[in-house]
Amino acid sequence: MKNVLNNSKKGFLLVTLFVTMLSFANETSFYTIKNDGEEISVTLDNVKQGNLLSIKDNNGIVLYKEQIQKSGTFSKGFDLTSLPNGSYIFELDKDVEIQTIPFNVVAKTVTFDKELETTIYKPVTRIKGDVAFVSRLSLNKAPMKIAVYFTSFSSSFRSPELIYSETVKDTENTSRIFKLTGKDKGTYKIVCTTEGREFTEEI
């Protein structure tokens, strides 16, 4: 099925494709935890150089972050017992996905619950000429807002104008094709917002 939306003023064409993409779930855990008393050893498999490992509290405040320097297996010890009582996550930000490992600290005791670990698949934007392809996999069918902004070169204030917006719901696989025919007249910005996170692509 295909829908077309045309905005000739902004040089914008949207082709909405409803396609069947391969859905998959990672049944094997991507990490192992070893508790050696005060130190917690975290081992992450299949990491790549440039991936970002963070520890965040329940309010999303970053308490620790480190960029992975070597592809393969990453292992490091952490003293988590000094953290105040509360809920935290290890977050591994990879190329196309964000994986989280939740843990709790109560009276210097650290506990992990594998059933609460999550994987968020990032929206992926590919540019080919004046065409932008946006796709996203969400096994939990999380809503995602897609917004497209256009900034004209001739605008005095160069402020972005919202030219397209939609919220995708109840869908595992999302695929959109944007024909950006006005690239010679201005710039575009595609913003995807899902699960409390914002992903931006400027064109």
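Residues numbered from 1 in each chain as written. Predicted model: local features only at pLDDT ≥ 70, side-chain atom pairs only at ≥ 80, totals over all residues. Heavy atoms only, no water.

Asker: Lay out the packing of aromatic side chains with the relevant residues and their values.
Answerer: One pass over the full model with this rule turns up eight aromatic pairs. Taken together, a centroid distance of 5.5 Å and an interplanar angle of 20 degrees make the contact between Y88 and F103 stacked. Placement of the pair is Y88 in strand 8 (residues 86-93) and F103 in strand 9 (residues 97-106), with a sequence separation of 15 residues. Between F90 and F103, the ring centres sit 5.3 Å apart and the planes meet at 40 degrees, which makes this aromatic pair tilted. Of this pair, F90 sits in strand 8 while F103 sits in strand 9, and the two are 13 residues apart along the sequence. For F90, a relative accessible area of 1% translates into the label buried. Ring pairs connect the aromatic residues Y64, F78, Y88, F90, F103 and F112, which therefore count as one cluster. One cation-aromatic arrangement involves K189 over Y149; the distance from NZ or CZ to the ring centre is 5.5 Å. (Phe/Tyr/Trp six-rings, centres within 6.5 Å; stacked < 30°, edge-to-face > 60°. Helix = DSSP H or I, 4+ residues; strand = E, 2+ residues; numbered from the N terminus. Buried < 20%, exposed > 50% of the residue type's maximum accessible area, 1.4 Å probe, protein only. Lys NZ or Arg CZ within 6 Å of the ring centre and 35° of its normal.)

Asker: Can you explain the pairing of strand 10 (residues 109-112)? Please cite residues and give values.
Answerer: Relative to strand 10, strand 9 runs antiparallel, the two sharing four bridges. Each residue of the ladder has a partner; that of V106, found in strand 10, is T109. Taken together, strand 9 and the strand that follows it, strand 10, pair antiparallel across an intervening segment of two residues, in which A107 is found at a positive phi of about 50 degrees. (Pairing = 2+ DSSP bridges.)

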